[in-house]
Structures are given as structure tokens and as C-alpha cells.
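Observations on the three-dimensional arrangement
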Amino acid sequence: MSTSYERQIDGIIEALQAHVLPNNADDFIRGQVFSVIFALNGLKLAADWKAGPLLQQVRVQDDAFAAVRRLADGMAHPEIPAAPRIEGDIVDAAHIEGLRDDGDRLLGQLLLWATGEGVRADNPLAASEIERLLRGSICDQLKVELATTPKSMLQQIAGGDGDKAATPG
Amino acid sequence: MQDATTRTDGSPAPGPVRGPDTVDDDTVRAALGRYLTRTSGHRTEITHFSRKSSGFSWITFGFEARSASGADRMLILRVGPPNGLFAPYSVQPQVHALQSLAGTGVPVPALVAFEQGGAEIGHPFFICEHIEGAVPAPWAASMLADGHKRAIALQFLSILGKLHRIDARATPLATRPDKSDERAEVGAVAAWRASLARPTARYYPLLDWGGKWLQDNCPLPPRRTIVHGDYRIGNFIERDGTIVAILDWELTHVGDPHEDLAWALMPTFNARSRKLYGVIERAEVIDLYQRASGITVSARSLAFYEAFALYQAAAIQMCAVRAFEVDRFNDMRMAVMASQMPSIIRAFERALEAAA
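Residues numbered from 1 in each chain as written. Chains lettered and ligands numbered in written order. Predicted model: local features only at pLDDT ≥ 70, side-chain atom pairs only at ≥ 80, totals over all residues.

1. Focus: the overall build of chain A
To keep it simple, the criterion reads: In this text, helices come from DSSP runs of H or I with a minimum length of four residues, and strands from runs of E with a minimum of two, each type numbered from the N-terminal end. Here exposure depends only on C-beta density: within 10 Å of a residue's C-beta, 20 or more other C-beta atoms make it buried, 12 or fewer make it exposed, and intermediate numbers make it partly exposed, the C-beta atoms being placed from the backbone. Residues are scored as being in contact if the C-beta atoms we place from backbone atoms lie within 7 Å.
From N to C terminus, chain A includes seven helices and zero strands. In chain A, the succession of α and β elements from N to C terminus is α-α-α-α-α-α-α. Among the 169 residues that make up chain A, the fraction classed as buried is 20%. When contacts within chain A are restricted to residue pairs at least 6 apart in sequence, long-range pairs at least 24 apart make up 63% of them.

2. What to know about the overall build of chain B
Stated formally: Computation of the radius of gyration draws on C-alpha atoms, with the globule rule given as 2.2 Å multiplied by the number of residues to the power 0.38.
Scanning chain B for helices and strands turns up 10 helices and 10 strands. Computed over C-alpha atoms, the radius of gyration of chain B comes to 20 Å, within 12% of the 21 Å expected from 2.2 N^0.38 for 356 residues, which places it in the range of a compact globule. Referenced to the eigenvectors of the C-alpha coordinate spread, the extents of chain B come out at roughly 60 × 45 × 40 Å. Across the 356 residues in chain B, those meeting the buried criterion constitute 47%. If you take every contact in chain B between residues at least 6 apart in sequence, the share linking residues at least 24 apart comes to 72%.

3. Describing the interface of chain A and chain B
As a reminder of what qualifies: In this classification, Asp, Glu, Lys and Arg are treated as charged, Ala, Val, Leu, Ile, Met, Phe, Trp, Tyr, Cys and Pro as nonpolar, and every other residue, Gly included, as polar.
The partner chain B presents 30 residues to the 32 residues of chain A that form the contact. Sorting the residues of the side of chain A that touches chain B by element identifies α1 (5–20), α4 (93–114), α6 (124–146) and α7 (154–159) of chain A as the ones contributing at least two each. Here the residues of the side of chain A that touches chain B are counted per class, giving 13 nonpolar, 12 polar and seven charged.

4. Regarding the nonpolar core
Residue and element names in this part refer to chain B. For the record, the criterion: Only buried Ala, Val, Leu, Ile, Met, Phe, Trp, Tyr and Cys residues enter a nonpolar core, and they are joined through C-beta atoms within 7 Å.
Counting 119 residues, the largest nonpolar core has Ala-307, Tyr-311, Ala-314, Ala-320 and Phe-348 as its most contacted members. Broken down by element, this core gets its largest block of residues, 16 residues, from helix α8 (residues 299–325). Once you skip the residues sitting within four places of it in the chain, Ala-307 turns out to touch Leu-214, Phe-348, Ala-351, Leu-352 and Ala-355.

5. Some points on the domain arrangement of chain B
Residue and element names in this part refer to chain B. Selection rule: Each domain's extent is set by a domain assignment, obtained either automatically or from a database.
Split into domains, chain B comes out as domain 1 (2–129) and domain 2 (146–355). Computed from C-alpha coordinates alone, the two centres of domain 1 and domain 2 are separated by 25 Å. Listed by partner, the interface residues are 24 residues for domain 1 and 23 residues for domain 2. Each residue belonging to the side of domain 1 that touches domain 2 can be placed in one class, and the counts come to 14 nonpolar, nine polar and one charged.

6. Overview of the pairing of strand β9 (residues 242–246) of chain B
Residue and element names in this part refer to chain B. Spelled out, the test is: Any two strands are treated as partners once DSSP identifies two or more bridges connecting them.
As judged from the four bridges shared by strand β8 (residues 236–239) and β9, these two strands associate in the antiparallel manner. Paired with Arg-239 across the two strands is Thr-242, which belongs to β9. Hairpin connection, β8 to β9: the antiparallel pair is bridged by two residues, and Asp-240 has positive phi, about 50 degrees.

7. Observations concerning the packing of α6 of chain A against helix α10 (residues 341–355) of chain B
Geometry of a packed helix pair, given as the angle between the helix axes and the separation of the axes. In plain terms, the rule: Axis angles are defined between N-to-C directions and span 0 to 180 degrees, where every axis is a line fitted to C-alpha atoms and, for a helix, only to the segment in contact. Oblique is the label for any angle not covered by the other classes, which are roughly parallel (under 35 degrees), roughly antiparallel (over 145) and roughly perpendicular (65 to 115). The hand of a helix crossing depends on one turn: near helix anticlockwise from the far one by less than a right angle means left-handed, and clockwise means right-handed.
Their axes nearest at 9 Å, the elements α6 of chain A and α10 of chain B cross at an angle of 155 degrees. Of the possible angle classes, the one that applies to α6 of chain A and α10 of chain B is roughly antiparallel. Relative to α10 of chain B, α6 of chain A is oriented so that their crossing is left-handed. Every residue of α10 of chain B that contacts α6 of chain A at Arg-135, Cys-139, Leu-142, Glu-145 and Leu-146 of chain A is listed here: Pro-342, Ser-343, Ile-345, Arg-346 and Glu-349 of chain B. Taken together, the residues that form the contact of α6 of chain A with α10 of chain B break down as five nonpolar, one polar and four charged.

8. Considerations on the confidence of the model for chain B
Residues and elements named next belong to chain B. Short version of the rule: Along the chain, pLDDT gives the predictor's confidence residue by residue, from 0 to 100.
Averaged over all residues, the pLDDT of chain B equals 88, while 90% of them reach at least 70. Contacts from residues 1–20, a stretch scored under 50 in pLDDT, to residues over four places away or in other chains number 32 contacts. Two numbers describe this predicted complex: its pTM, 0.86, and its ipTM, 0.81.

9. Side note on the confidence of the model for chain A
Summing up the model confidence of chain A, the mean pLDDT is 86 and the portion of residues at 70 or higher is 89%. Note on residues 162–169 of chain A: pLDDT under 50 across the span, and 10 contacts to partners over four residues away in sequence or across chains.

10. Focus on the environment of Ala-67 of chain A
Topologically, Ala-67 of chain A is positioned in helix α3 (residues 51–71). Here the alpha-carbon distance between Ala-67 of chain A and Ser-152 of chain A, two residues 85 residues apart in the chain, equals 35 Å.

11. Structural notes on the domain arrangement of chain A
Taken as a whole, chain A is organised into domain 1 (5–47) and domain 2 (51–146). If you average the C-alpha positions of domain 1 of chain A and of domain 2 of chain A, the two centres end up 40 Å apart.

12. Describing helix α2 (residues 27–46) of chain A
Heads up, the rule is: Each residue after the first adds 1.5 Å to the expected span of a helix.
The end-to-end C-alpha distance of α2 of chain A is 29 Å, a good match for the 28 Å that 20 residues give at a rise of 1.5 Å each. With zero of 20 residues buried, α2 of chain A is to be regarded as a mostly surface element.

13. Side note on unusual backbone geometry
With an omega of 0 degrees, the peptide bond running from Ala-83 of chain A to Pro-84 of chain A counts as cis. Here Pro-84 of chain A shows up in the loop between α3 and α4. Residue Pro-88 of chain B is reached from Ala-87 of chain B by a cis peptide bond, and omega for that bond is 0 degrees. Position of Pro-88 of chain B relative to the elements: it lies in the loop between β4 (72–79) and α2 (92–101). The phi dihedral of His-48 of chain B falls on the positive side, at around 50 degrees, and the residue is not glycine.

14. Thoughts on the pairing of strand β6 (residues 125–129) of chain B
All names here are of chain B. The element β6 is extensively covered by neighbouring structure, given that four of its five residues are classed as buried. Pairing analysis gives five bridges linking β4 to β6, with the strands arranged antiparallel. The residue of β6 that forms the bridge with Leu-77 is Ile-127. Of the pairings in the sheet, the one linking strand β5 (residues 111–115) to β6 comprises four bridges and is antiparallel in character. Bridging across to β6, Leu-111 finds its partner in Cys-128.

15. A look at the environment of Val-23 of chain B
Residue and element names in this part refer to chain B. Here Val-23 lies in the loop between β1 (2–3) and α1 (25–40). Exposure remark for Val-23: the 23 C-beta atoms within 10 Å place this residue in the buried category. Look past the residues within four positions of Val-23 in its chain and what remains in contact with it is Val-28, Ile-59, Val-79, Pro-81 and His-123.

Here's what the structure looks like:
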């Protein structure tokens, strides 16, 4: 998730208040919109992003760190954190998201290191293997995010037309 | 008033400005009336004022200017919002493009006026003529007949060829605002890298690494041309089977012409098809473009710029996230754009593999 949960909810409420309500005089529809705003305010207080997909991404990263550690044995390399980084049942999504973002930065440093001229000259086979592994692992992480992304509605969003809303999944 | 007929490019570059925090339609309409009254010297009434839904960056309004002098004109106002997708905004690229291309074979709307300082409106803006016609939606499988689409696609390529034949050095677009010695096309990659490196953007390792690869491996252009920067189906107006105006010049710059060709070929802008507008195969597109532009297309450069197109697309999504999350831009479309990041980055990774 690139936007925060709270900001998403605030943005939906702002869009309804600034763009939908001023352009609708129908009492029933206005009542529906106000009810949606009330429900969204409730969700803001009671809910958050799902922790599961974030946890899954952190585990994919941890597997990559462990594999790179083996392949880079004996080489001078950037920091590789000890895995697993999460023990037990942590459900705080913000904490897990922080670990995921930290992990991404470390993976980026490792990828830049593995494709650098020095490592390529000294250990071409290991460097290629590490690059391949890291790129594959990062793509696996993206697949986790794709699984929680609804189908695109760009046509309707850009043009404001179309009766059929895309379904999630 | 910075009148399009009197303002020349020798003037110093105006800096980006920040006006009021939001763009309120009623406020803009009233300010526009005051502005046109002052600058024309005649009381001007604004009628048929409406915000257009299209466009994710500049806010576009259509209106009629009714002047006491009796001249009624249908016009377009484009305002750069202070918290928009590419804020802070400068009118310069679009103003320079519309000025440079007037009277060439590249059809553009006539520029009427512009104000980098915002004048009465408070935000950078420009006004151009309204052109009747339709803007095709690039994302939809169009209901238009294939023959019609092919005729439009052929014109689309012919106009691109004409654009790339123009001597960019003779236009104000050739003046780099940063005065850098860096190659122009490398500068374009570097600018997007800098955008992605802003501390509030989420870090994506493949974008960091891939951006460095693009900068390190940027090919030499066959020649440096005016690059539209967003040349695609959906950024023109067609009327009765003819393209009558090319729109949205905000990303225009001088660089490698392959950049426009690669952007136009992105399946996203062709209803998910690998064919241009869903009707012209890639090989024929290249052949037609080469004949129109006089430029020999390099397969390697085209592959590079297809990867770069996806990198830019990812950077633009991140600009949207920033506009929504940090600058509190009140447009839910910005929040939704963020959800496209995983699919764009995966496509970028595959495109890099092809370009390497």
C-alpha cells in the first residue's frame, strides 16, 4: 500500500463532501451519502490495512535475505538482516509495513551492489545468481500486492462514464 | 497580461508560484472574468463555464467569454493546481510548444494568454482557443470502425513525423532551464529518478536499480528533436475523421524521438493491444514513422524507451500518491492510481530484460 489507510478514508469523505453533495439536491441520495460518510468515519476508527499480505511480503524478503547470505558467503556485501525478522503473531500492520519498507531498501542496496562493476569483476557467477534471485524475489513480492489489487477501472475513472463497475479480484 | 502575441521567449524564466491551497470553480470563474475584463479593456462576462473531467494534472475548464465589444469566444482555461500531480507548475513548456508549433504541420490550439504568476486567478494558467471535436479514450475498446481508426492512426504517425522533423534548436524548447551540460535525453531520465527519490515516496528496489540502469545505458539519439512527452491516443482532438489538434504539451522537451514512439506504442494507451490504436501492427508503425520523420528507428533504442516509458509511468503514479497523501490534493483518482504500481513495476522489469 502506497497510500495510508487513514488518508484513503479521508480522501473518500472529502470527495463526497466536495464533489458529490454540492451537485445533488435529492434528499434521499444526500441521506445515503451522509450515511456512507458516517460509516467511513467508523471504519477509520475501527479498521486498518490487512496485516496478512504485509506479513507475506516480509517473509518473501526474509527468504531472499537468507539465500543471498549463502550465495555471498565470503564476499564483502551490504547489510543483510538476520531472518526471520518477525517472531510470533504480530498483527500491528503499521509495524509490519515498516519492516517491509526497510526490507525493500536493503534489497535495493543488495541489488545495486550485486550489479556493480566491482562484484561483477571479482565474482561474476555469484553476482549473476544474486541478481537473478533478487529480481525474482522482488517480483514475487509484487505478486502478493497484485493479489490484493482490484481490477483496473481506469476507463470509468478517467472518463467518468460506464455503468458497470469492475469487481474486485 | 502575458499575451501570446507579444510575449517572446527571450524573457527570463518565471519561477513556479504557489497561490491559494485549492482551486475552487466559482472563485476561478469570477477571477477569470476580472482578468479578461482588465486585460481586454472591455467588460467580459464568463458563461458556459464548466470543469472538464479529463486530465489528471492541469485542471481544465471550458467557457465562453462574452465581451462588451461584441466578440464572443469559446475558450479553454488550464490551471496548474498548487497541490496537483506535477506541482509546482510552470506554464513554460506548454506556452513554448504552442508558440513554436503555430503555423507548422503540427496542429495545436492557438494560445490566447498565459500568466505564470497567476494574476487574478492565483495559480499559473494559460488560455487557448476551444477546438470542436472528440477526444478518443485510449483505455476503451473503441466503438469506432477499424477503417476510421486506421485513418486516424495514420495521421497520428504523420504528425509525429512532422514534429520530429522540426529543428528543435530554433525553438525556445532547446533552452534547458537547469543550464546543465548533461545530455538532454539523460537529463529526462535523471529528472524522473529525482522525482522517485523524494523522501516521501515509497521506495521500490526495482525502480531504484532500474532507474540507475536507464541512466547508465541511455543510448545516443539519432538526432535531438522536440519530444511531446505524452504522445498517445487520447491526447488529440479529431473531427470528421481528421486530427485537428494535438493536446497536453506539459511534458514536452528536447530529446530522443524514440521516446514518443515508445510511449505511443504502450498497450495501456491502445486498449491493451500491441497494435497502435488496435489497428496498426508494430512493424508497420515503425515503417510509417520512419517515412514520416526521416529517422531510422533503432530496435535497441526503441526497447530502451519502452522500458523508460514504464519507468515514467511508475514515477507518475508516485507523483499521484504524493499529491494525494502529502499535498492533500482532493481528487480520489490520485489515490486510485497508486494501486497500479505492482503491475507497472513487473512490466518494467520484463521490459528491462528485453532492453539489456
